[in-house]
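# Coordinate inspection notes
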Amino acid sequence: MASPRAGRQPQNDGYRSLSLSGHVGFDSLPDQLVNKSIKQGFCFNILCIGETGTGKSTLIDSLFNTSFDDPVSTHFQPNVRLRAQTYELQESNVRLKLTVVNTVGFGDQINKEDSYQPIVDYIDAQFEAYLQEELKIKRSLFSYHDTRIHACLYFISPTGHSLKTLDLLTMKSLDSKVNIIPIISKADSISKTELQKFKNNLMSELVSNDVQIYQFPTDDETVSQVNTIMNGHLPFAVVGSTEEVKIGNKMVKARQYPWGIVQVENENHCDFVKLREMLICTNMEDLREQTHARHYELYRRCRLEEMGFRDIGPENKPVSLQEAYEAKRHEFYLELQRKEEEMRQHFVQRVKEKETILKEAEQQIQTKFDHLMLMHQEEKLKLEKKKRALEDDIAMFNKKKANAELLQTQAFVSTPVVSLKRDKDRKNSGFM
């Protein structure tokens with residue numbers, strides 16, 4: 001017997017049948033991402049490190065063809081401080097929020113030992129702010145103003161010899177935190193032969209001191225060839241200028257000297273065009289990605305490990321965030337109890353020590369009191385003895401006084417009789 005379903009035609013219940021071999025439409029996804037990114041806008045943050053007077057502000061103005069407001073800095077800063085300024089730029093229909101961070105007073109101090117520390121602290125502070133935003137329960141990363149440094153333009157003075165110790169220490173302390181692009185500023189102050197030799201010396205020093213600078217990516221076939229060539233030109237020797245000079249029939253940005261004119265955008269004169277192309281036109285997005293995927297992830301991992309979070313437990317088993325949090329909470333609670341017990345024991349010990357000191361002081365006071373009482377009794381006995389002796393002397397004195405008075409009285413009574421007898425005798429002798 002044949003099945004009742006045999007030969008039954010599929011029924012159309014109101015659903016459309018789509019052929020998978022036809023055009024679906026997800027090839028428009030890149031266009032959707034582009035439209036969304038253009039609507040949202042982009043941000044790019046540049047850190048300029050270099051001594052005062054190396055042309056940092058002038059080069060930034062030249063790169064973005066804009067005159068930014070940057071106050072003039074003095075050479076008498078007590079320490080290095082960082083000044084961040086944000087600008088809203090637009091080219092065609094693309095909006096860019098550009099933040100330029102300048103190091104004020106870098107290299108101006110007599111003691112340059114910790115000149116790079118404020119820079120390290122600033123970069124870490126931006127990473128920490130982004131991490132705290134990520135760790136929030138209610139995050140707003142879509143509208144969050146990302147202040148992490150995407151590119152560090154390190155300005156090297158054109159000495160023609162080698163890197164300064166301050167430059168090596170600073171770049172070594174920053175290479176794991178930011179994309180460093182070394183730049184020889186004011187490169188028109190040395191000859192081409194000296195400049196090429198200077199470049200070779202700089203790269204040799206960076207390699208020998210294991211300083212990791214940013215390398216333009218070569219994994220993308222579209223930019224692999226040009227980036228490979230540009231990596232060979234590092235560090236870029238640049239000249240910046242906002243002044244325009246007329247050459248032929250057009251005005252160009254240049255620096256005019258008594259001996260000639262140095263054109264900023266002439267690749268035979270300097271590497272300004274190469275820097276602008278690599279930094280802005282070709283690799284700006286890679287700089288942003290490297291900042292997030294490499295430098296920020298390294299900072300984030302170290303910070304979470306400091307907090308006690310782990311991906312793998314003691315038995316090499318995955319640990320969830322809740323388990324890590326509970327373990328950390330328990331560890332913190334035990335540490336709190338231990339510190340509380342230590343404080344209690346310390347308090348009890350201090351109380352006992354204080355009681356011992358008070359008892360010793362009390363015993364000393366009691367001993368002193370007993371000694372004083374004994375001295376008091378002895379003095380009292382001496383005084384009583386002296387009192388009795390004085391009373392005896394007074395009694396003796398009074399007795400002698402009474403006797404003296406009695407003798408005096410008797411003498412006074414006998415004196416007139418004697419006197420009369422004598423007068424009588426004198427008269428009798430006279431008349432005879």
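Counting of residues starts from 1 at the beginning of each chain's written sequence and follows it residue by residue. Local features are withheld for residues below a pLDDT of 70 in this predicted model, meaning they are given only at 70 or higher, and side-chain atom pairs are given and counted only at 80 or more; totals for whole chains, interfaces and linings count all residues. No hydrogens and no water enter the side-chain calculation; it runs on all heavy atoms of the structure.

Moving on: the overall build of the protein. Secondary structure elements are taken from DSSP: a helix is a run of H or I of four residues or more, a strand is a run of E of two residues or more, and numbering for both begins at the N terminus. Within the protein, the regular secondary structure consists of 9 helices and 9 strands. Across the 432 residues that make up the protein, the buried fraction comes to 30%. The cut-offs for exposure are 20% and 50% of the maximum accessible area for each residue type, with area from a 1.4 Å probe on protein chains only; residues under the lower value are buried, those over the upper are exposed, and the others partly exposed.

Turning to the sheet that holds strand β3 (residues 94-104), a few remarks are in order. Whether two strands pair comes down to DSSP finding at least two bridges between them. Strand order in the open sheet formed by 6 strands is β2-β3-β1-β4-β5-β6, and the pairing between neighbours is mixed. Both edges of this open sheet fall to β2 (81-91) and β6 (236-237), since each of them pairs with a single strand only. We call two residues in contact whenever any of their non-hydrogen atoms come within 4.5 Å of each other. Here, axes are lines fitted to C-alpha atoms. For helices the fit covers the stretch in contact, and angles between N-to-C directions go from 0 to 180 degrees. Across the sheet, helix α8 (residues 284-307) is in contact with β1 (42-49), β3 and β4 (151-156); its angle to β1 comes to roughly 80°.

A few words on empty space enclosed by the protein. Cavities and pockets are found on a 1 Å grid laid over the protein atoms alone: a cavity is a set of points where a 1.4 Å probe fits but cannot escape, a pocket is an open set with protein on both sides within 12 Å along at least five of seven lines, and a lining residue has an atom within 4 Å of such a point. Grid points are joined across faces, edges and corners, and a volume is the space filled by probe spheres set on the points. With the rule as written, the count across this model stands at 1 cavity of 30 Å³ or more. Computed from the structure, the largest cavity encloses a volume of approximately 70 Å³. Lining the largest cavity are Gly50, Glu51, Phe106, Phe155, Ile156, Ser157, Thr159, Ser162, Leu163, Lys164 and Asp167. Residues of the lining of the largest cavity, tallied by class, amount to 4 nonpolar, 4 polar and 3 charged. Three categories are distinguished: nonpolar for Ala, Val, Leu, Ile, Met, Phe, Trp, Tyr, Cys and Pro, charged for Asp, Glu, Lys and Arg, and polar for the others, with Gly belonging to the last.

Spatial strand order, β7-β8-β9: 3 strands in an open sheet with antiparallel pairing. Of all the strands in the sheet, just β7 (244-247) and β9 (260-263) have a single pairing partner and so form its edges. Averaged over neighbouring strand pairs, the angle between their axes works out to 65° when direction is ignored. Direction of pairing for β7 relative to strand β8 (residues 250-257): antiparallel, over a ladder of 4 bridges. Paired with Glu244 across the two strands is Lys253, which belongs to β8.

A few words now on the environment of Thr99. In this structure, Thr99 sits in strand β3. Here Thr99 falls in the buried class, since its relative accessible area comes to 7%. C-alpha separation for the pair Thr99 and Asp146, spaced 47 residues apart in sequence, amounts to 9.9 Å. Among residues more than four places away in sequence, those in contact with Thr99 are Phe44, Asn45, Ile46, Ala84, Gln85, Thr86 and His145. As used in this structure description, the phrase polar contact means that two N or O atoms lie within 3.5 Å; if the pair is within protein, one of them must be able to donate a hydrogen and the other to accept it, and residues adjacent in sequence are counted only when both atoms belong to side chains. Within the structure, the side chain of Thr99 is placed 3.3 Å from the side chain of Asn45, a separation counted as a polar contact. A distance of 3.1 Å separates polar atoms of two side chains, one belonging to Thr99 and the other to Thr86.

A residue's pLDDT is simply how confident the predictor is in it, with values from 0 to 100. Residues at a pLDDT of 70 or more form 86% of the protein, whose mean pLDDT is 83. Within the model, pLDDT remains below 50 along residues 1-8, and this stretch shows 0 contacts once partners closer than five positions in the same chain are excluded.

This part is about helix α6 (residues 224-231). For α6, the full list of buried residues reads Asn227, Met230 and Asn231. Considered in projection along α6, the buried side chains sweep an arc of 100° and stay on one side of the axis. Where α6 is buried, its residues contact β6 and α7 (272-282). Of all possible arcs, the one meant is that of the directions from the helix axis to the C-beta atoms.

The next point concerns the pattern of salt bridges. A side-chain nitrogen of Lys or Arg and a carboxyl oxygen of Asp or Glu constitute a salt bridge if their distance falls within 4 Å. Scanning the model with the defined rule gives 18 salt bridges in all. The shortest N-O distance in the salt bridge between Lys97 and Glu88 comes to 3.8 Å. The salt bridge involving Glu341 is made with Arg344; its shortest N-O contact spans 2.7 Å. Placement of both Glu341 and Arg344 in helix α9 (residues 321-431) is noted, with a separation of 3 residues, approximately one turn of the helix. On the basis of relative accessibility, which here comes to 36%, the residue Glu341 falls in the partly exposed class.

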